[in-house]
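# Coordinates in review
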Amino acid sequence: MKKIFLVLFATTLLTFSTRADEGMWLPSQISEKIKEMQEKGLELSAADLYSLEQVSLKDGIVQFGRGCTGELISAEGLLITNHHCGYGQIQAHSSVEHDYLTNGFWAMNRSEELPNPGLTVRFLVRMEDVTEAVLNGYVSTMSEEQRLETVAKNSKKIIEEAQKEGISYSADILPLFYGNVYYMFVYQVFSDVRLVGAPPSSIGKFGGDTDNWMWPRHTGDFSIFRIYADKNNNPAPYSEENVPYRPKHFFNISLDGVQEGDFTFVYGFPGSTREYILSSEVDYIANISNPAKIDLRTQRLDIQRKYMESSPAVRIQYASKNAGIANAWKKWQGEAKGIKRLETVAQKRALEESFKSWAADKPQYNGLVEKMDSVILSYRDELFATEYFNESALSVELVRFAGNYLKADPQKREQLAQSFYKDFYLPIDKEIFVAVINSFIRDVDQCYYPDYFKALLEKYDSDLNAMAQEFFSNTAFADQQRLQSTPEEILSNDVMILFYNAFNDLYRELGAKVTTSVKELNLLYRSYMRGLMEFQTDRLFYPDANLTLRIAYGEVKGYSPADGIYYHPSSSLEGIMEKDNPEIYDYNIPQRLRDIYATKDYGRWEENGSVPVAFIATNHTTGGNSGSPVIDAEGNLIGINFDRVWEGTMSDIVFDPTVCRNIALDIRYALFVIDKVAGASHLLDEMVFVEENGTNAMNE
Ligand code: ARG
Ligand code: ASP
């Protein structure tokens, strides 16, 4: 039986294509897609993309930190990713005297490149189907719990062996298709990664949250790092003795520009998609979960913005937090809208109905969907309460901080407090407390209230303003000095701690219940996935994204966001100048850029009298793909992926080729900024440019 599934999966994994450009493909199986890619314009072979025998494109791509992608662009370890991916590092090096966030940073020589403790990048060495080895000892009578134990035990051994294969190797084994298949991913990890350059936020974050998730876009979202290695070119912890890493592969940069219809592909580390979930789950996401979370975040954002607008200091303190909250807030709205527009719930329901009829005479699938629906319903209320708790009570900064502080290693507390209070403004938090707890009372069933909370409501007669007033003045967590002069035994009875603990105890329990149900559901999805593949023989199946290396391909293409409107696929400096406004923080470009525009001194980066800035294409991407190389038919770098368009943000659940577009920075805009705005043209000397179909354009 098991054998049959494996064969089935090996052959259906990447075959059949009906919906254009949907999919995030495993590089190790790209040979099954290569013909289609070539028909669409690719001029490379499968082995050029991924190979264990020869150097391939994958050797020039890294997972950057925990949630982004980056690619090598010189023989000396130079790496490019997004500005928003390097944001934490840029911020960490910034101070009032050296405000790199505002002014940008450019190392003018190697000795000025800045180390980043904690930042790692990893190259994929290989990926391998380990399903059989991982399931060794598993028998179908086992429970899901026992199956997971077997998988964990087998995986541990396999991983240990793989990690011995090379210096600084690290391996993961992950399920694909809900555990029908298991893959091992072996990486080499580098931990000396230095900041080389970043444009000012007025370029790197141009348009801010107003333009985020939108097209047309003009954000110069890039930053540059360099990987260092020891003298033998092996990974090593930071050391002054380290030298620039010599990568097996780095990307040549195309200066040819992009045209509508050009073939492109994106090679990177997409984080998470859920393309195969049932209609009832989609319904929950679009109609219950997203609206509730959006509402809570709208309140928090409004409160933060009110204070940010009235104080420059608060604006800086809350810049990064506010951006983080706004990012998902905006995406959820686009996602829910897209799901409604596509009628995904009804579409999926229809599919499930026909699946049910097809399954009627197949004992292994008959009744499966019904069973899944009943599991989904059985824990929906707990799931909702848990999600709501996370977005409300746990979004109160002092509540969360108090919990983390007491749990932290006492030696690390001072540092924790330092970084927390630096960016904390109590009036914001107090107002948010009142708002989100009010919503919690309105939206969450009383059976999910901790007893302690019920007692509080009684005590304050549900007057949350009064409750907040007392909480925020009584708590030792109100400021750092007070906190650090309060003895531990008093702290453990602090109002914030009592509040946190009461919720945490109850919600840990609820969380465990949710996890158990998710496991049970996962087991059913495993069968459903197999059934779907047998049922929909003309559909293409690719494993959901899980932060592993994938290839998505498509073409440069505009789209129509609404009746009567058509969006062209590329943007230019003209659009930046149209948006430029010294009065609006997010649109206030550096004076230097205005001066360059006035003199039209664009040098070799000029195109049609302007400078190209960004473009869109039909590649299927998601969070984690940020920083991914956008590559042309010959394997040259043409752009850096950084976002998706608003109308297509439901692509994590359902992909619509008419509006789903990834947004890429045109690589020539990055080069223009480095050369003309930053005056860091020495970096260009390390890069290799190609022009006119592959001829090598020597550096001038
Ligand atoms: N929307 C992009 C992504 O999901 C860019 C985010 C940058 N952050 C921001 N708040 N503008 O990561
Ligand atoms: N902006 C996302 C990222 O940071 C990419 C996306 O969601 O399309 O990975």
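In what follows, the accompanying structure is described. Fair warning: this is a prediction, and the values are worked out from it, not measured in the lab. (Residues numbered from 1 in each chain as written. Chains lettered and ligands numbered in written order. Predicted model: local features only at pLDDT ≥ 70, side-chain atom pairs only at ≥ 80, totals over all residues. Heavy atoms only, no water.)

## Quick word on the packing of aromatic side chains
Counting across every chain of the model gives 52 aromatic pairs. Between Trp 358 and Tyr 365 the ring centres are 5.6 Å apart and the planes differ by 25 degrees, which places this aromatic pair in the stacked class. Across this residue pair, the class does not change: Trp 358 and Tyr 365 are buried. Three or more aromatic residues joined by ring pairs form one cluster here, namely Phe 384, Tyr 388, Phe 389, Phe 433, Phe 440, Tyr 449, Phe 453, Phe 471, Phe 472, Phe 499, Phe 503 and Tyr 507. Above the ring of Tyr 138, the side-chain terminus of Arg 147 is found at 5.1 Å from the ring centroid. (Phe/Tyr/Trp six-rings, centres within 6.5 Å; stacked < 30°, edge-to-face > 60°. Buried < 20%, exposed > 50% of the residue type's maximum accessible area, 1.4 Å probe, protein only. Lys NZ or Arg CZ within 6 Å of the ring centre and 35° of its normal.)

## As for the packing of helix 10 (residues 279-310) against helix 12 (residues 344-359)
Orientation of helix 10 relative to helix 12, taken along the N-to-C sense of each, is 170 degrees, at an axis distance of 8 Å. As far as their axial angle goes, helix 12 and helix 10 are roughly antiparallel. In the packing of helix 10 onto helix 12, the handedness of the crossing is left-handed. Each of Ser 279, Val 282 and Asp 283 in helix 10 lies in contact with helix 12, whose residues at this interface are Thr 344, Val 345, Lys 348, Arg 349 and Glu 352. Classifying every residue of the contact of helix 10 with helix 12 by side-chain character gives 2 nonpolar, 2 polar and 4 charged. (Axes fitted to C-alpha atoms, helices over the stretch in contact; angles between N-to-C directions. Helix = DSSP H or I, 4+ residues; strand = E, 2+ residues; numbered from the N terminus. Parallel < 35°, antiparallel > 145°, perpendicular 65-115°, else oblique. Left-handed = near helix turned anticlockwise from the far one by under 90°. Contact = heavy atoms within 4.5 Å. Nonpolar A, V, L, I, M, F, W, Y, C, P; charged D, E, K, R; others polar.)

## Some points on the environment of Thr 649
With respect to the secondary-structure elements, Thr 649 resides in the loop between strand 20 (637-644) and strand 21 (662-666). Sequence separation of Thr 649 and Asp 209 is 440 residues, and the distance between their C-alpha atoms is 15 Å. Ignoring sequence-local partners within four residues, the contact set of Thr 649 consists of Trp 213, Lys 331, Gly 334, Glu 335 and Arg 644. At a separation of 3.0 Å, a polar atom in the side chain of Thr 649 contacts the main-chain carbonyl oxygen of Trp 646. (Polar contact = N/O pair within 3.5 Å; in protein donor to acceptor, adjacent residues only side chain to side chain.)

## Examining helix 7 (residues 144-163)
Two residues of an α-helix separated by three or four positions point the same way, owing to the 3.6 residues in each turn. For helix 7, with 20 residues, the first-to-last C-alpha span of 28 Å sits near the 28 Å given by 1.5 Å per residue. Taken as a whole, helix 7 has its buried residues at Glu 144, Arg 147, Thr 150, Val 151, Asn 154, Ser 155, Ile 158, Ile 159 and Ala 162. In the core, the buried residues of helix 7 are packed alongside strand 6 (121-129), helix 6 (131-134), strand 7 (169-176), strand 8 (181-190) and helix 22 (495-535). (Expected span 1.5 Å × (residues − 1).)

## Description of the site of ligand 1
Looking at ligand 1, the residues that line it are His 84, Lys 205, Asp 209, Asn 212, Trp 213, Ala 323, Asn 327, Phe 642 and Asp 643. Side-chain polar atom of Asn 212 to a nitrogen atom of ligand 1: 2.7 Å apart, as the coordinates give it. At 3.0 Å, a backbone N or O of Ala 323 approaches a nitrogen atom of ligand 1. Calculation on ligand 1 without its partners gives an accessible area of 340 Å², and the protein chains cover 84% of this total. Breaking the shell around ligand 1 down by element, the ones donating at least two residues are helix 11 (312-341) and strand 20. Looking at the shell around ligand 1 residue by residue, the class counts come to 3 nonpolar, 3 polar and 3 charged. (Near = heavy atom within 4 Å. Areas by Shrake-Rupley, 256 points an atom, 1.4 Å probe, with all protein chains shown as cover.)

## Thoughts on the site of ligand 2
Around ligand 2 sit His 84, Trp 213, Thr 622, Gly 623, Gly 624, Asn 625, Ser 626, Phe 642, Asp 643 and Arg 644, and that is every residue in its neighbourhood. Gly 623 has a polar backbone atom sitting 3.1 Å from an oxygen atom of ligand 2. When isolated, ligand 2 has an accessible area of 280 Å², and the protein chains bury 89% of it. Tallying contributions element by element places strand 20 first for the shell around ligand 2, with 3 residues.

## Focus: the pairing of strand 15 (residues 559-562)
A regular strand places its side chains so that they alternate between the two faces of the sheet. Both strand 15 and strand 16 (residues 565-567) contribute to a ladder of 2 bridges, which runs antiparallel. Looking at the pairing, Tyr 559 lines up with Tyr 567 of strand 16. As consecutive antiparallel partners, strand 15 and strand 16 are separated by 2 residues, and within that stretch Gly 564 has a phi angle of approximately 85 degrees, a positive value. (Pairing = 2+ DSSP bridges.)

## Observations concerning the packing of helix 18 (residues 451-459) against helix 19 (residues 464-474)
For the pair helix 18 and helix 19, the least separation of the axes is 9 Å and the interaxial angle reads 110 degrees. In terms of orientation, helix 18 lies roughly perpendicular with respect to helix 19. Each of Tyr 452, Leu 456, Leu 457 and Lys 459 in helix 18 lies in contact with helix 19, whose residues at this interface are Leu 464, Met 467, Glu 470 and Phe 471.

## Some thoughts on helix 12
Across its 16 residues, helix 12 extends 22 Å between first and last C-alpha, which sits within 8% of the 22 Å expected from 1.5 Å per residue. All of the buried residues along helix 12 are Thr 344, Val 345, Lys 348, Leu 351, Glu 352, Phe 355, Trp 358 and Ala 359. Along helix 12, the residues classed as buried sweep out an arc of 145 degrees about the axis, all on the same side. Its buried side turned inward, helix 12 meets helix 10, helix 11, helix 13 (368-378) and helix 22. (Arc of directions from axis to C-beta.)

## Section: the state of the cysteines
Under the criterion given, the structure shown has 1 disulfide. In this model, Cys 68 is linked to Cys 85 through a disulfide, with the two sulfur atoms separated by 2.1 Å. The sign of the S-S torsion, about -75 degrees, decides the handedness of the disulfide formed by Cys 68 and Cys 85: left-handed. Taken as a pair, Cys 68 in strand 2 (residues 68-72) and Cys 85 in helix 4 (residues 83-92) lie far apart in primary sequence, 17 residues in all. Comparing Cys 68 with Cys 85 shows no difference in burial state: the two are buried. (Disulfide = S-S within 2.5 Å.)

## Points about the pairing of strand 10 (residues 223-229)
By the criterion of burial, strand 10 is predominantly enclosed, with 7 of the 7 residues buried. Both faces of strand 10 are covered, namely the face carrying Ser 223, Phe 225, Ile 227 and Ala 229 and the face carrying Ile 224, Arg 226 and Tyr 228. Pairing of strand 3 (residues 78-81) with strand 10 involves 4 bridges; the strand directions are antiparallel. Residue pairing in the sheet places Ile 80 in a bridge with Ile 224 of strand 10. Sheet analysis places strand 9 (residues 192-198) next to strand 10, joined by 5 bridges and oriented antiparallel. Pairing of Gly 197 across the sheet is with Ile 224, part of strand 10.

## As for the environment of Arg 530
Relative to the elements of secondary structure, Arg 530 occurs in helix 22. In this structure, the C-alpha to C-alpha distance between Arg 530 and Tyr 178, residues 352 residues apart in sequence, is 9.8 Å.

## Description of the nonpolar core
Counting residues in each nonpolar core, the largest one holds 167 residues, and the members touching the most others are Leu 49, Phe 265, Phe 477 and Phe 672. If one sorts the elements of this core by residue count, helix 22 sits on top with 15 residues. Each residue touching Phe 477, except ones within four places of it in the same chain, is listed here: Leu 398, Phe 401, Ala 402, Tyr 405, Tyr 421, Leu 483, Leu 491, Asp 494, Met 496 and Ile 497. Among the nonpolar cores identified, the runner-up in size contains 24 residues, and Leu 79, Ile 90, Leu 101 and Phe 105 belong to it. (Core = buried A, V, L, I, M, F, W, Y, C linked by side-chain atoms within 4.5 Å.)

Spatial relationships are all this shows, so hold off on functional conclusions.
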